[in-house]
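Letter by letter, the chains look like this.
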Amino acid sequence: MILTWFASLDGELPRDSQQLHGLVAAEFPNEGRVLYAVPDRRIIAVQHRHPVKRSVTPLGLVMEERLIDAPATGVQVEFSLIGNATVCKAGKRRALPEDKHEAWGHRMLSDALNIHDMECETLTPATGWRKGARLTHHRVCYHGHGSVKNQANLERLMLNGVGRAKAYGCGLLVVNPL
């Protein structure tokens, strides 16, 4: 897997999550599911399989590109995730209240990581329009430290993403060994 950080050349990335999803999909047309996160309106991190062939793209200027792998079991790590902390009730998906965010993060990551500490920050929702309907994806930024409990499970989460709304900038798990 490759993680590439882009900086917007126009000051800010599109605010419409559907438009941003389209830009990412167009930049990586042969990749299948591409995970990405927007930690800042001027920066986007994209996880993909093939190297970016140019330094300036519609997503912006390539700042950094590096190969990433799941660290081995037992390795101490720092992790970050922008997740879509939701629950489905009576067929409707709803954002979890803030007091449930940490439990959601632990539940989603516990098969892969022994979490030592974790902070949760509610972000502004990602919104956009698709086929005339308004999209809203509630986002929570998780950041913490832990150790790898199961490398295979961690690799699966890093490759497939965590939770829902992956096409709209949620689910990218970034793990760095300490």
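Before any of the text, the structure's been laid out above.
Residues numbered from 1 in each chain as written. Predicted model: local features only at pLDDT ≥ 70, side-chain atom pairs only at ≥ 80, totals over all residues. Heavy atoms only, no water.

1. A short note on the overall build of the chain
In terms of helices and strands, the chain carries 3 helices and 11 strands. In terms of C-alpha radius of gyration, the chain reaches 16 Å, essentially the compact-globule figure of 16 Å for 178 residues. The principal-axis extents of the C-alpha atoms in the chain amount to approximately 40 × 40 × 25 Å. Looking at the chain as a whole, 43% of its 178 residues qualify as buried. A sequence separation of at least 24 residues applies to 73% of the contacts in the chain between residues at least 6 apart. As presented, the chain carries roughly 9400 Å² of accessible surface, and 50% of it is formed by carbon and sulfur atoms. In the chain, 22 side chains carry a positive charge and 18 a negative one; their mean positions are 11 Å apart. (Helix = DSSP H or I, 4+ residues; strand = E, 2+ residues; numbered from the N terminus. Rg over C-alpha atoms; globule rule 2.2 N^0.38 Å. Buried < 20%, exposed > 50% of the residue type's maximum accessible area, 1.4 Å probe, protein only. Contact = heavy atoms within 4.5 Å. Areas by Shrake-Rupley, 256 points an atom, 1.4 Å probe, with all protein chains shown as cover. Lys, Arg positive; Asp, Glu negative; His and termini not counted. Charge placed at Lys NZ, Arg CZ, Asp CG, Glu CD.)

2. So, the sheet that holds strand 4 (residues 56–57)
Whether parallel or antiparallel, the strands of a sheet pair through hydrogen bonds between backbone atoms. Read across the sheet, 5 strands follow the order 2-3-1-5-4 without closing on themselves; strand pairing throughout is antiparallel. Here the strands that pair on one side only, and so sit at the sheet edges, are strand 2 (35–40) and strand 4. Pairing of strand 2 with strand 3 (residues 43–48) involves 4 bridges; the strand directions are antiparallel. Within the sheet, the bridge partner assigned to leucine 35 lies in strand 3 and is glutamine 47. Strand contacts of helix 1 (residues 17–27): strand 2, strand 3 and strand 4, with the helix running at about 130° to strand 2, the strand carrying the most contacts. (Pairing = 2+ DSSP bridges. Axes fitted to C-alpha atoms, helices over the stretch in contact; angles between N-to-C directions.)

3. Observations regarding the sheet that holds strand 6 (residues 76–83)
Ordered in space as 9-10-6-11, the 4 strands form an open sheet in which the pairing is antiparallel. Of all strands in the sheet, those bounded by a partner on one side alone are strand 9 (113–130) and strand 11 (173–177). Mean inter-strand twist for the sheet, computed between neighbouring axes without regard to direction, equals 15°. Across 5 bridges, strand 6 lies against strand 11 in antiparallel orientation. Residue valine 77 lies in a different strand from strand 11, and its bridge partner there is proline 177. With respect to the sheet, helix 1 is in contact with strand 9 and strand 10 (133–148), its orientation differing from that of strand 9 by roughly 105°. Contacting strand 6, strand 9, strand 10 and strand 11, helix 2 (residues 101–109) runs over the sheet at an angle of about 105° to strand 9.

4. Side note on empty space enclosed by the protein
The method is simple in principle: a probe with the dimensions of a water molecule rolls over the atoms, and the space it marks as empty is what remains. The tally for this structure, following the rule as stated, stands at 1 cavity of 30 Å³ or more. Around the largest cavity, the lining residues are Met1, Arg33, Val34, Leu35, Gln47, His48, Arg49 and Leu159. Class assignment for the residues of the lining of the largest cavity results in 4 nonpolar, 2 polar and 2 charged. (1 Å grid on protein atoms, 1.4 Å probe; cavity = no way out; pocket = protein on both sides within 12 Å on 5 of 7 lines; lining within 4 Å. Points joined across faces, edges and corners; volume = space filled by probe spheres on them. Nonpolar A, V, L, I, M, F, W, Y, C, P; charged D, E, K, R; others polar.)

5. A short note on a nonpolar patch on the surface
A contiguous nonpolar surface patch, about 250 Å² in accessible area, is contributed by Leu9, Val56 and Leu61. Residue position: leucine 61 is located in strand 5 (residues 60–67). (Patch = residues over 30% accessible without salt bridge, like charges linked within 9 Å, V, L, I, M, F, W, Y side chains within 5 Å. Salt bridge = Lys/Arg side-chain N within 4 Å of Asp/Glu carboxyl O.)

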